[in-house]
Amino acid sequence: MVSNVYHLGIEFYHTGDEKNIEIKNVDLFVNADPKDLWKNIPGDPGDIFYKPDDISYQGKFLDKKIVVTSKRGRSHAHEGKFREDDFAVNELPADWCIVSVSDGAGSAKAAREGSRVATASVNGFFNSSEVLAELDNNINIIYTPEDSTKDKDEARRNVIRTLYEGVLFTYTALDKTAIDHDLSIIDLHATLIFALVKKFSFGYIILSFGVGDCPVTLISTGFSEVQLLNRMDVGEFSGGTRFITMKDIFNDQMAARFSITCVNDFAYLVLMTDGIYDPKFSTENKLEDRESWRTFFNDLAGHNDDSAKVDFINDTGIDVQLSLWADFWSRGNHDDRTLAIIY
């Protein structure tokens, strides 16, 4: 609809005097649909760091399934800029799987490449039989009742050290990318979260990490329990978050960024960027609220203004469904949107 002003003449009369007609002139102001004001300019396919505007994925994840979508936000589409979010999903040796998500910083000129390199690099590090065999050995020690407390504590430290090595490998890959393209590493600023998962005889092991303001959330059957599996860096001002490209995150507080979780089963494991949780959860505190997650999954089930439904039961084409759902309208929330759900 186009904005315009329509001049209307309204005729009226008294029921007892139908011949004496009066005319009242009024102006009708019509505002355009806000959605129609946003342009959708494609990114330059010749750009050195070109990436598609939207990408989705569905597949297996251990004995469960996974669906992911990553969409360019309206603010970037309006200016012909690229999607800065990214994700990667991989089946690994020894029956492990990994999903990683990254949100490139809007202030960094090559953030779209930073998020791509971050997700690809961390997944690549764990695509190693040797690394995963070491994790298997230490995790079995942690969850074998006969092993001593001392051995279990050492095994936990070993698991964290291996995860740390994966994150440091990712930082090094980003640093090399910056050097190769004559950039500063801050030009690649990006957050990073990942979940490295395997099903053992004693339950699902979820090894998680986070730097920045993106959550990794574990939801039990019936929403009886919700766990945030990573520490989130949420600043009170723009630029207050942290990035995988910051060398100073590798400090004595780094261990707190890792989590080792064991559960018999779960309903959903969800990773997302703030383009999703800002409009759907409003505040970070609600990311651990069961009712907020019930509302979120009701929204996914089609209880929304667009009647866009994501069907986790009859899930043929669920990647397309999730992509369409993620195009929801939310006033003031036009950032890139990435959402990964293991179900």
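Residues numbered from 1 in each chain as written. Predicted model: local features only at pLDDT ≥ 70, side-chain atom pairs only at ≥ 80, totals over all residues. Heavy atoms only, no water.

## Thoughts on empty space enclosed by the protein
Logical step 1: Following the criterion strictly, the structure yields one cavity of 30 Å³ or more and no others.
Logical step 2: Considering only enclosed or pocket space, the largest cavity measures out at about 50 Å³ in volume.
Logical step 3: Around the largest cavity, the lining residues are K71, R72, G73, R74, A326, D327, D335 and R337.
Logical step 4: Taken together, the residues of the lining of the largest cavity sort by class into one nonpolar, one polar and six charged. (1 Å grid on protein atoms, 1.4 Å probe; cavity = no way out; pocket = protein on both sides within 12 Å on 5 of 7 lines; lining within 4 Å. Points joined across faces, edges and corners; volume = space filled by probe spheres on them. Nonpolar A, V, L, I, M, F, W, Y, C, P; charged D, E, K, R; others polar.)

## Regarding unusual backbone geometry
Logical step 1: The phi torsion at L62 lies on the positive side, around 60°, for a residue other than glycine.
Logical step 2: Along the polypeptide, L62 turns up in the loop between strand 3 (54-61) and strand 4 (64-71).
Logical step 3: Despite not being glycine, D95 shows a phi value in the positive range, around 65°.
Logical step 4: Along the chain, the position of D95 falls in the loop between strand 5 (85-91) and strand 6 (96-103).
Logical step 5: The class of D95 is exposed, set by a relative accessible area of 61%. (Helix = DSSP H or I, 4+ residues; strand = E, 2+ residues; numbered from the N terminus. Buried < 20%, exposed > 50% of the residue type's maximum accessible area, 1.4 Å probe, protein only.)

## Re the pattern of salt bridges
Logical step 1: In the structure shown here, the tally under the stated rule is 18 salt bridges.
Logical step 2: Between R112 and D47 there is a salt bridge, and its shortest N-O distance comes to 2.9 Å. With a gap of 65 residues between them, R112 in helix 2 (residues 111-125) and D47 in the loop between strand 2 (17-30) and strand 3 connect regions that are remote in the sequence.
Logical step 3: Overall, D47 belongs to the partly exposed group, its relative accessible area being 24%.
Logical step 4: With a closest N to O distance of 3.6 Å, D54 and K71 form a salt bridge. (Salt bridge = Lys/Arg side-chain N within 4 Å of Asp/Glu carboxyl O.)

By themselves, these figures tell us nothing about what the structure is for.
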